[in-house]
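Examination of the molecular architecture
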Amino acid sequence: MSAAAPTTETRPAAVHLLTALLGVTALATAAVEWLNWFYAEDGGYALSVRTAWALLRSLLFLVLIFHLWRGRHGAAPFGLILAVTTVFALARLVVPKQGYPALPGIVGFAVVAALCLSVVLLLYRSASVREYLTRPRMRWWIGRDGIRRRQVDPKPQVPGWVLTTRVATFSYSALMLVACVVALGLVFDGRPVLLPVIAAWFVFALVVSYMSLFLSIFLVKGKRWARVLLVGLTLAVLLVHLSLCALLLGTDGLVRDGGPLLVAALLALWGLWRAGRNGHFTTSAAREHLPKKIFRVGQS
């Protein structure tokens, strides 16, 4: 009879360091966002919406901690997208419409940018963190010997660039919805004629969320048509979102609400290119992610 698997799992020191760093980054991000809102003199409704969304997004660092401690392979691309979007989103809050940003905001932005860079470096450059995120999974098992933990068969690892693209495309709808809520302030300011356009923008963002979810499933399986459709979806999102930001929110809105989505789109396209270059979208790559019974039936 084989010995039972240990009931405790040791985490390397780099994982504990990264966990503490993520907690500090979340607190620092929320503090800088509040400071910027406190010192702002011309923010109004738009700044309040963007600050509220930024504070909610800070909670995603806690979600990243959960994925990190569970040793999930998707923690690295999730952390990359979160760090990049946090830096760009915070930059749009620190810079005012007129004049120069407040000194506490500049210092806080530099601190958060350094923390986000440290998070990305640990996720991608630390050998112990990479090993921990790709280790075999342990699950609780009920058998004749009682309840114990045992190693389960590993699933095929999804390429990191594919996961990066998947997370980036999931952020499209959230970024568009924030811009929609900001544009809704124009209706309250006496321009109700814009309500149908904003409503259509809102519906488009919801449709994009479902399409991203659907296409990402087949993207993981290595389907080339999913890759092509995701490129088309990304270009359509950029065309619609950037045009409406420029039309309704002006140059300031184009930079503040269009910039973060542009960064996410570039990361998604870059991830698709890198995954294709590494041979993910091939017949053999697609077969690895499908049950073997399908091919047995096809070959019989």
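Residues numbered from 1 in each chain as written. Predicted model: local features only at pLDDT ≥ 70, side-chain atom pairs only at ≥ 80, totals over all residues. Heavy atoms only, no water.

Some thoughts on the overall build of the protein
Broken down by element type, the protein carries 11 helices and two strands. Along the chain direction, N to C, the helices and strands of the protein fall in the order α-α-α-α-α-α-β-β-α-α-α-α-α. In the protein, buried positions account for 42% of the 300 residues. A sequence separation of at least 24 residues applies to 74% of the contacts in the protein between residues at least 6 apart. As displayed, the protein offers around 16,300 Å² of accessible surface, 69% of which is attributable to carbon and sulfur atoms. (Helix = DSSP H or I, 4+ residues; strand = E, 2+ residues; numbered from the N terminus. Buried < 20%, exposed > 50% of the residue type's maximum accessible area, 1.4 Å probe, protein only. Contact = heavy atoms within 4.5 Å. Areas by Shrake-Rupley, 256 points an atom, 1.4 Å probe, with all protein chains shown as cover.)

A word on the pattern of salt bridges
Applying the stated criterion to the full structure yields three salt bridges. R50 is the partner of D257 in a salt bridge, and the nearest nitrogen-oxygen pair spans 2.5 Å. Taken together, the positions of D257 in helix α9 (residues 224-277) and R50 in helix α2 (residues 44-58) put the pair 207 residues apart, joining distant regions of the chain. A relative accessible area of 2% places D257 in the buried class. Its relative accessible area of 5% is what places R50 among the buried residues. (Salt bridge = Lys/Arg side-chain N within 4 Å of Asp/Glu carboxyl O.)

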